Amino acid sequence: MKILKFGGTSVGSVENLRRVKDILISDQENKIVVCSAMSGVTDQLVSLVENIKLEDAEAITRNIHRLESKHTDVIDELVESTEIKNVLKDGLTLLITELFEIANQEYSEIVNSQIITYGETLLTYIFSGFLKSLQIENVLLDAKDFMHVGTAENPDILEVSRRINKMFEEGVQSSIYITQGFVCRNLEGDISHLKRGGSDYTATIIGAAVNASEIQIWTDIDGLHNNDPRYVEETQPIAHLTYNEAAELAYFGAKILHPQTVSPVVDKEIPVLLKNTFDPEASGTIISNKTYRKGLKAISAKDGITAIKIKSNRMLMAHGYLRRIFEVFDNYHTSIDMITTSEIAISLTIDNISNLDEIVREIETYAEVTVEQNHSIICIVGESVINDRNSYKLFEILNYIPVRMVSYGGSNNNISLLVDTKDKIPTLRFLNEKLFHVPHEIVV
Ligand code: ADP
Ligand code: ASP
Ligand code: MG
């Protein structure tokens with residue numbers, strides 16, 4: 001069994017949905033197909049949630065009608081038979097009626113999750129019907145029936161596995177199952193979601209649950225590139241990455257992968273392939289436990305970082321001081337990404353600022369605290385990157401950009417720089433020039 005996940009652009013138009021169909025029928029193996037919402041739809045649903053919060057009935061109606069006509073147009077163009085077209089449109093009307101019912105409720109976390117994951121429900125319904133109209137047998141599975149992950153941070157793979165296997169035993173057999181990415185259920189059994197971009201994570205959770213032979217993530221680019229193609233020209237796809245490398249890059253901003261994508265499949269050693277829907281022949285990237293080459297692989301950037309400097313003379317020669325500081329962050333469930341220390345000060349970074357005021361207030365009782373927002377972590381990744389012959393060149397950046405923090409040697413596989421976000425793009429471009437336009441030999 002393989003898992004194939006198609007992202008927003010891949011399912012974002014009639015033409016692209018036909019490409020996805022071609023990819024599915026080009027391979028006979030049994031598969032579970034995880035789909036995102038059409039591109040732009042989740043953003044529109046997020047704005048619908050804003051309408052609900054403001055109780056703006058007119059905007060709610062306008063927004064839902066826009067979604068309805070977008071999906072009706074897709075059915076019209078995609079499906080040839082008038083009869084099937086009408087059946088699909090009737091089903092769409094029912095889904096839209098249900099969406100109105102959800103949107104008429106008072107705002108809550110559950111309503112938020114129900115609404116923002118609805119794009120996946122609409123798209124998979126249409127896509128499954130389209131395949132059937134072409135006599136391509138498939139079964140549409142409701143991910144809400146089996147994605148009982150408990151918590152998104154530590155998904156309960158056994159429970160998901162138990163539920164999927166039960167569905168397979170009781171339900172109709174098929175070589176193609178279609179289901180929705182992004183949506184899940186929490187510990188209470190309520191509808192929840194895996195955060196934006198979460199369909200990648202759905203694919204690997206399902207892959208681990210069914211012991212898939214392979215997970216393919218189909219998107220709009222030919223694999224994970226060595227730098228962010230949105231900001232840097234002439235980036236190159238990387239043929240092989242280890243799970244560790246992919247996890248670091250995804251966590252530190254490589255948008256092509258949801259930050260937690262690889263974690264469910266590492267222990268089971270299930271390979272993850274990143275493939276291009278618009279160029280299926282391109283080899284893409286294979287993520288596995290094999291190291292084909294050591295040294296520098298890629299650079300990524302994560303925005304929305306807050307730097308906190310904590311200074312106190314009491315820190316001088318005092319043991320237990322760091323523990324005291326870390327405990328405060330721990331108590332507020334706030335994880336720390338980068339840390340640097342001197343004898344009387346410590347600087348660290350966080351990305352979750354929901355408890356920042358409380359944290360600062362607590363630490364200010366015994367130290368001076370300075371907070372700087374709008375920073376980015378630039379992450380230079382590769383197995384044994386600190387031994388890469390060229391890695392010293394990255395420090396030439398200090399001639400041009402004010403670097404706020406450096407983390408070197410925390411692991412052999414990652415060097416991180418903290419810069420003001422306004423300096424992010426020049427930093428990525430500078431590092432690209434210095435580090436990739438030279439041969440990368442490793443000295444161990
Ligand atoms: P999907 O909708 O298929 O999930 P995403 O937009 O989430 O696709 O991810 C693909 C995009 O990620 C690419 O179009 C590219 O702009 C962006 N991206 C950012 N960093 C990288 C990188 N290092 N390699 C490849 N793509 C990247
Ligand atoms: N549709 C969701 C989003 O836009 C999930 C995904 O595409 O992975 O974030
Ligand atoms: Mg994505």
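This text follows the structure it describes.
Residues numbered from 1 in each chain as written. Chains lettered and ligands numbered in written order. Predicted model: local features only at pLDDT ≥ 70, side-chain atom pairs only at ≥ 80, totals over all residues. Heavy atoms only, no water.

Not every one of the 15 residues close to ligand 1 is listed here, only the nearest: Lys5, Thr219, Asp220, His225 and Lys255. Here an oxygen atom of ligand 1 and a side-chain polar atom of Thr219 are 2.7 Å apart. Take Asp220: an N or O atom from its side chain is 2.8 Å from an oxygen atom of ligand 1. Out of a free accessible area of 570 Å², ligand 1 has 87% covered by protein chains. For the shell around ligand 1, the residue count by class is 4 nonpolar, 6 polar and 5 charged. (Near = heavy atom within 4 Å. Polar contact = N/O pair within 3.5 Å; in protein donor to acceptor, adjacent residues only side chain to side chain. Areas by Shrake-Rupley, 256 points an atom, 1.4 Å probe, with all protein chains shown as cover. Nonpolar A, V, L, I, M, F, W, Y, C, P; charged D, E, K, R; others polar.)

Taken in spatial order, the 6 strands of this open sheet run E13-E14-E12-E15-E17-E16, and their pairing is antiparallel. With one partner strand each, in any of the chains shown, strand E13 (336-341) and strand E16 (403-411) form the two edges of the open sheet. On average, each strand axis in the sheet is inclined to that of its neighbour by 30°, with strand direction left out of account. Its contacts with the sheet place helix H10 (residues 321-331) against strand E12 (298-311), E13 and strand E14 (345-350), and it is angled at close to 20° to E14. Against the sheet, helix H11 (residues 356-363) contacts E12, E14 and strand E15 (368-381), and its axis sits at roughly 120° relative to E15. (Pairing = 2+ DSSP bridges. Helix = DSSP H or I, 4+ residues; strand = E, 2+ residues; numbered from the N terminus. Axes fitted to C-alpha atoms, helices over the stretch in contact; angles between N-to-C directions. Contact = heavy atoms within 4.5 Å.)

For Phe182, which is not glycine, the phi dihedral falls at a positive 85°. Tracing the sequence through the fold places Phe182 in the loop between strand E5 (176-180) and strand E6 (183-186). The phi angle at Glu269 is positive, at roughly 55°, despite the residue not being glycine. Locating Glu269 in the fold gives a position in the loop between helix H9 (243-251) and strand E10 (272-276).

Position of Ser128 relative to the elements: it lies in helix H6 (residues 118-133). Contact partners of Ser128, with chain neighbours within four places excluded, come to Asn138, Leu140 and Ile178.

So, about the environment of Leu95. Inspection of the secondary structure puts Leu95 in helix H4 (residues 82-103). On the basis of relative accessible area, Leu95 is assigned to the buried category, the value being 16%. Put simply, Leu95 and Thr121 are 26 residues apart on the chain and 8.4 Å apart in space, counted from C-alpha to C-alpha. (Buried < 20%, exposed > 50% of the residue type's maximum accessible area, 1.4 Å probe, protein only.)

Turning our attention to the pattern of salt bridges. Under the criterion given, the structure shown has 22 salt bridges. Asp76 is the partner of Lys89 in a salt bridge, and the nearest nitrogen-oxygen pair spans 2.8 Å. Here Lys89, found in helix H4, pairs with Asp76, found in helix H3 (residues 57-78); they are 13 residues apart in sequence, far enough to count as distant. Since its relative accessible area comes to 23%, Lys89 is described here as partly exposed. (Salt bridge = Lys/Arg side-chain N within 4 Å of Asp/Glu carboxyl O.)

All right, on to the nonpolar core then. Side chains of a nonpolar character, in soluble globular proteins, are inclined to be buried together. In this structure, Ile3, Met147, Leu224, Leu257 and Ile287 are the most contacted members of the largest nonpolar core, which totals 56 residues. When residues in this core are grouped by element, the largest group, 6 residues, is from helix H8 (residues 199-209). With near-sequence residues (within four places) excluded, Ile287 lies in contact with Leu241, Thr242, Tyr243, Ala246, Leu257, Val262, Pro271, Val272 and Leu274. In this structure, Phe6, Leu123, Phe127 and Phe130 belong to the second largest nonpolar core, which totals 47 residues. (Core = buried A, V, L, I, M, F, W, Y, C linked by side-chain atoms within 4.5 Å.)

Given 3.6 residues per turn, any residue in an α-helix points the same way as the ones three and four places further on. Among the 8 residues in helix H5 (residues 109-116), 6 count as buried, and that is most of the element. Buried within H5 are the following residues: Val111, Asn112, Ser113, Gln114, Ile115 and Ile116.

Note that strand E9 (residues 240-242) and strand E11 (residues 285-288) share 3 bridges and pair parallel. Directly across from His240, in E11, lies its bridge partner Ile286. Judged from the 3 bridges that link them, E10 and E11 form a sheet pairing that is antiparallel. Each bridged residue has a counterpart across the sheet, and for Leu273 the counterpart in E11 is Ile286.

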